[in-house]
Amino acid sequence: QVQLVESGGGLVQPGGSLRLSCAASGYSFGDDGMGWFRRVLGKDREIVAGFISRTGGTFYADSVKDRFTVSRDNAKNMVYLQMNSLKPEDTAVYYCAGRRDYSRQHWTPGAYEYWGQGTQVTVSS
């Protein structure tokens, strides 16, 4: 069974930083594109950042560009989301997703087959 497990969420003050991690078993992030998504209460999941493909570059939502950085460690089969200059509007449950269907756009949740359980990020004073 494929499992993706996010960690690193928590409570942070505005302007602070967090690094989210996603560990995979039964699946290799390095073999495919992947995405970080987030869900705000009452809204659909939205793309945050990710990798276009196994060898492709990164992409970022306009709302997090220049603040967040996605990275991967293929040897450890993990991906990361470094979040800096956090804002209250970044508060959400964050998910990692893998095994992209390349017939669909990278910003579409339906483009990914595997999903983690999510980790809560709360930005508040």
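K.L.:
A description of the packing of aromatic side chains should follow, citing residues and the corresponding values.
P.N.:
The relation between two aromatic rings is expressed through the spacing of the ring centres and the mutual angle of the planes. One pass over the structure, following the stated rule, counts six aromatic pairs. Between the aromatic rings of Tyr-27 and Tyr-114, the centroid separation amounts to 5.2 Å while the plane-to-plane angle is 75°, which identifies the pairing as edge-to-face. Taken together, the residues Tyr-27 in the loop between β3 (18–25) and β4 (34–39) and Tyr-114 in strand β10 (residues 112–115) connect sequence positions 87 residues apart. When its relative accessible area of 9% is taken as the criterion, Tyr-27 is described as buried. Members of the aromatic cluster, connected to one another through ring pairs, are Phe-37, Tyr-95, Tyr-112 and Trp-115. Sitting over the ring of Trp-115, Arg-45 keeps its end group 4.3 Å from the ring centre.

K.L.:
Can you tell me about the nonpolar core, naming the residues and giving the values?
P.N.:
Counting residues in each nonpolar core, the largest one holds 27 residues, and the members touching the most others are Phe-29, Trp-36, Leu-81, Met-83 and Tyr-94. At the level of elements, β3, β4, β5 (46–51), β7 (68–73), β8 (78–83), β9 (92–100) and β11 (119–123) are the ones that each hand at least two residues to this core. Setting aside chain neighbours within four positions, we find Tyr-94 in contact with Glu-6, Leu-20, Phe-37, Arg-38, Val-48, Phe-68, Leu-81, Met-83, Gly-118, Thr-119 and Val-121. Formed by six residues, the second largest nonpolar core is a distinct cluster that contains Phe-37, Phe-59, Ala-97 and Ala-111.

K.L.:
Any details on the side chain of Glu-6? Residues and values, ideally.
P.N.:
With respect to the helices and strands, Glu-6 occurs in strand β1 (residues 3–7). At 9.1 Å, Arg-45 is the nearest oppositely charged side chain to Glu-6, a buried residue that forms no salt bridge. A distance of 3.0 Å separates a polar side-chain atom of Glu-6 from the backbone nitrogen of Gln-117. Separated by 2.8 Å, the side chain of Glu-6 and the backbone nitrogen of Gly-118 make a polar contact. The contact partners of Glu-6, leaving out residues within four places of it in the chain, are Ser-21, Cys-22, Trp-36, Tyr-94, Tyr-95, Cys-96, Gly-116, Gln-117, Gly-118 and Thr-119.

K.L.:
Explain unusual backbone geometry residue by residue, including any values.
P.N.:
Although it is not a glycine, Asn-77 sits at a positive phi angle of roughly 55°. With respect to the helices and strands, Asn-77 occurs in the loop between β7 and β8. The residue Arg-99 is not glycine, and still its phi comes out positive at about 60°.

K.L.:
Could you give an account of the pairing of β11, with specific residues and numbers?
P.N.:
Within a regular strand, side chains alternate between the sheet's two faces. Residues of β11 alternate between two faces, with Thr-119, Val-121 and Val-123 buried on one and Gln-120 and Thr-122 left unburied on the opposite face. By the bridge criterion, three bridges tie β9 to β11 in an arrangement that is antiparallel. If you follow Tyr-94 over to β11, its bridge partner there is Thr-119.

K.L.:
Please set out the state of the cysteines residue by residue, giving values where relevant.
P.N.:
Applying the stated criterion to the full structure yields one disulfide. Across the disulfide, Cys-22 is cross-linked to Cys-96 (sulfur-sulfur distance 1.8 Å). Of this pair, Cys-22 sits in strand β3 while Cys-96 sits in strand β9, placing them 74 residues apart in sequence. Overall, the relative accessible area of 0% leaves Cys-96 in the buried class.

Criteria and thresholds
- For every chain, the first residue of its written sequence is number 1, and the numbers climb from 1 along that sequence.
- At least 70 in pLDDT is required for a residue's local features to be given in this predicted model, at least 80 for side-chain atom pairs to be given and counted, and no such filter applies to totals for whole chains, interfaces and linings, which use all residues.
- As a rule here, side-chain values cover all heavy atoms of the structure and leave hydrogens and water aside.
- To pair, rings of Phe, Tyr and Trp, with the six-membered ring standing in for Trp, must have centres within 6.5 Å; the planes then decide the type, stacked if under 30 degrees apart, edge-to-face if over 60, and tilted in the middle.
- Each helix is a run of DSSP H or I of at least 4 residues and each strand a run of E of at least 2, with the numbering of both proceeding from the N terminus.
- Only protein chains enter the accessibility calculation, which uses a 1.4 Å probe; a residue is then buried when its area is under 20% of its type maximum, exposed when over 50%, and partly exposed in between.
- Here, a charge over a ring is recorded when the distance from Lys NZ or Arg CZ to the ring centre is within 6 Å and its angle to the ring normal is within 35 degrees.
- Put simply, buried Ala, Val, Leu, Ile, Met, Phe, Trp, Tyr and Cys residues joined by side-chain atoms within 4.5 Å make one nonpolar core.
- Here, two residues are considered to be in contact whenever any of their heavy atoms come within 4.5 Å of each other.
- Residues scored as charged are limited to Lys and Arg (positive) and Asp and Glu (negative), so that His and the chain ends carry no count.
- Within this document, salt bridges are pairs made up of a side-chain nitrogen of Lys or Arg and a carboxyl oxygen of Asp or Glu, the two lying within 4 Å of each other.
- Polar contact criterion, stated in full: a pair of N or O atoms within 3.5 Å, where within protein one must be able to donate a hydrogen and the other to accept it, and residues adjacent in sequence count only if both atoms are side-chain atoms.
- The pairing criterion is simple: DSSP has to find at least two bridges between the two strands.
- Pairs of cysteine sulfur atoms within 2.5 Å are what we label disulfides.

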